[in-house]
Amino acid sequence: ANVSHELKTPLTSISGYGEMIENGMAKDENVRVFAERIRRESNRMLSLVTDIIALSELDERQILEQAEPVDLYTLAVETVETLTSAAMVRGVSVRLSGGPVQVHGVRSLLSELIYNLLDNAIRYNRDNGTVWVRVADRQLSVRDTGIGIPKHHLSRIFERFYRVDKSRSKASGGTGLGLAIVKHICEKHHASIRLESAEGIGTEITITFPATEPQD
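A short tour of the structure in this document, coming up. (Residues numbered from 1 in each chain as written. Predicted model: local features only at pLDDT ≥ 70, side-chain atom pairs only at ≥ 80, totals over all residues. Heavy atoms only, no water.)

This part takes up the sheet that holds strand S6 (residues 192-198). On the basis of which strands lie adjacent, the open sheet formed by five strands has the order S2-S4-S5-S7-S6 and mixed pairing. The open sheet terminates on both sides in strands that have one partner only, identified here as strand S2 (93-98) and S6. Each adjacent strand pair in this sheet contributes to an overall mean axis angle of 10 degrees, direction not counted. In this structure, strand S4 (residues 130-136) lies alongside strand S5 (residues 139-144), joined through six bridges in antiparallel fashion. Bridge pairing in S5 links Val 135 to Leu 140. Most of the contacts of helix H5 (residues 107-123) go to S5, to which it runs at about 15 degrees, and overall it touches S2, S4, S5 and strand S7 (202-208). (Pairing = 2+ DSSP bridges. Helix = DSSP H or I, 4+ residues; strand = E, 2+ residues; numbered from the N terminus. Axes fitted to C-alpha atoms, helices over the stretch in contact; angles between N-to-C directions. Contact = heavy atoms within 4.5 Å.)

What follows is the structure, encoded as structure tokens:
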């Protein structure tokens, strides 16, 4: 039901704008605007489908099939580099600290975990805000100066499709699945999550990995 609802809105927009262009109802000066909206809604659907597939794979995947020693700090460096342009658009500074921390896990999943945390910290930050990423003592923490999360939302923030601010989330391209994916990846790696947030001040999420190899 949630998936159907999430897909219906962008599909309705794409169909509507496409029909107006097809029937000649759109004026020449509006065609470019409609095309941009079709592209934006298509990208939103693509992100949503990608996240849904990722969650489905996590539901089925046996972690030990692909697990290996992975350095979290190296993944963090790669992720910061990947998201540098997105941060620059918002004027957000990303500061990475710490050093090598080796855990036993699936490299692609751990990379996605860091990506989702950092992407959220940038996406829901203030303009010209800051994100701190720290890797040390078998822990990964991402802290931001963003909008924060009201207390009554904290217990549900890792649920699939749950959004604190639906209008802002959709406007920024959020699918409502990022933190659900983070939770799943942590469960697969037997890692714990600690969330601390204050509305209007910011959020910090800390992932702590076990000292021994996870047994799936």
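Turning our attention to the side chain of Asn 125. Following the sequence through the fold, Asn 125 ends up in the loop between H5 and S4. From its side chain, Asn 125 meets the backbone oxygen of Ala 121 in a polar contact 3.2 Å long. Within the structure, the side chain of Asn 125 is placed 3.1 Å from the backbone oxygen of Thr 130, a separation counted as a polar contact. (Polar contact = N/O pair within 3.5 Å; in protein donor to acceptor, adjacent residues only side chain to side chain.)

Taken as a whole, this structure holds one aromatic pair when the rule is applied. For the cation-ring pair, Arg 143 lies above Trp 132, with the distance from its terminal atom to the ring centre recorded as 4.1 Å. (Phe/Tyr/Trp six-rings, centres within 6.5 Å; stacked < 30°, edge-to-face > 60°. Lys NZ or Arg CZ within 6 Å of the ring centre and 35° of its normal.)

With that settled, consider the packing of helix H3 (residues 72-82) against H5. As a packed pair, H3 and H5 sit with axes 9 Å apart at the nearest point and diverge in direction by 50 degrees. Accordingly, the angle class assigned to the pair H3 and H5 is oblique. Where H3 crosses over H5, the handedness of that crossing is right-handed. Residue-level inspection shows Leu 72, Leu 75, Ala 76, Glu 78, Thr 79, Val 80 and Thr 82 of H3 in contact with H5, the latter providing Arg 107, Leu 110, Ser 111, Ile 114, Tyr 115 and Leu 118. Here the residues of the contact of H3 with H5 sort into eight nonpolar, three polar and two charged. (Parallel < 35°, antiparallel > 145°, perpendicular 65-115°, else oblique. Left-handed = near helix turned anticlockwise from the far one by under 90°. Nonpolar A, V, L, I, M, F, W, Y, C, P; charged D, E, K, R; others polar.)

Applying the stated criterion across every chain, the model contains five salt bridges. Across the pair Arg 90 and Asp 127 runs a salt bridge whose closest N-O atoms are separated by 2.7 Å. Placement of the pair is Arg 90 in helix H4 (residues 84-90) and Asp 127 in the loop between H5 and S4, with a sequence separation of 37 residues. On the basis of relative accessibility, which here comes to 55%, the residue Asp 127 falls in the exposed class. (Salt bridge = Lys/Arg side-chain N within 4 Å of Asp/Glu carboxyl O. Buried < 20%, exposed > 50% of the residue type's maximum accessible area, 1.4 Å probe, protein only.)

Moving on to the environment of Pro 69. You can see Pro 69 is positioned in strand S1 (residues 68-71). In contact with Pro 69, not counting residues within four places along its chain, are Gln 102, Val 103 and His 104.

Glancing now at H3. Among the residues making up H3, those that are buried are Leu 72, Leu 75, Ala 76, Thr 79 and Val 80. Mapping the buried residues of H3 onto a view down its axis gives an arc of 135 degrees, with all of them on the same face. Of the surrounding elements, those touching the buried residues of H3 are S1, H4, S2, strand S3 (102-105), H5 and S4. A side-chain oxygen of the first residue of H3 lies 3.3 Å from the backbone nitrogen of Tyr 73; this N-cap is Asp 71. (Arc of directions from axis to C-beta.)

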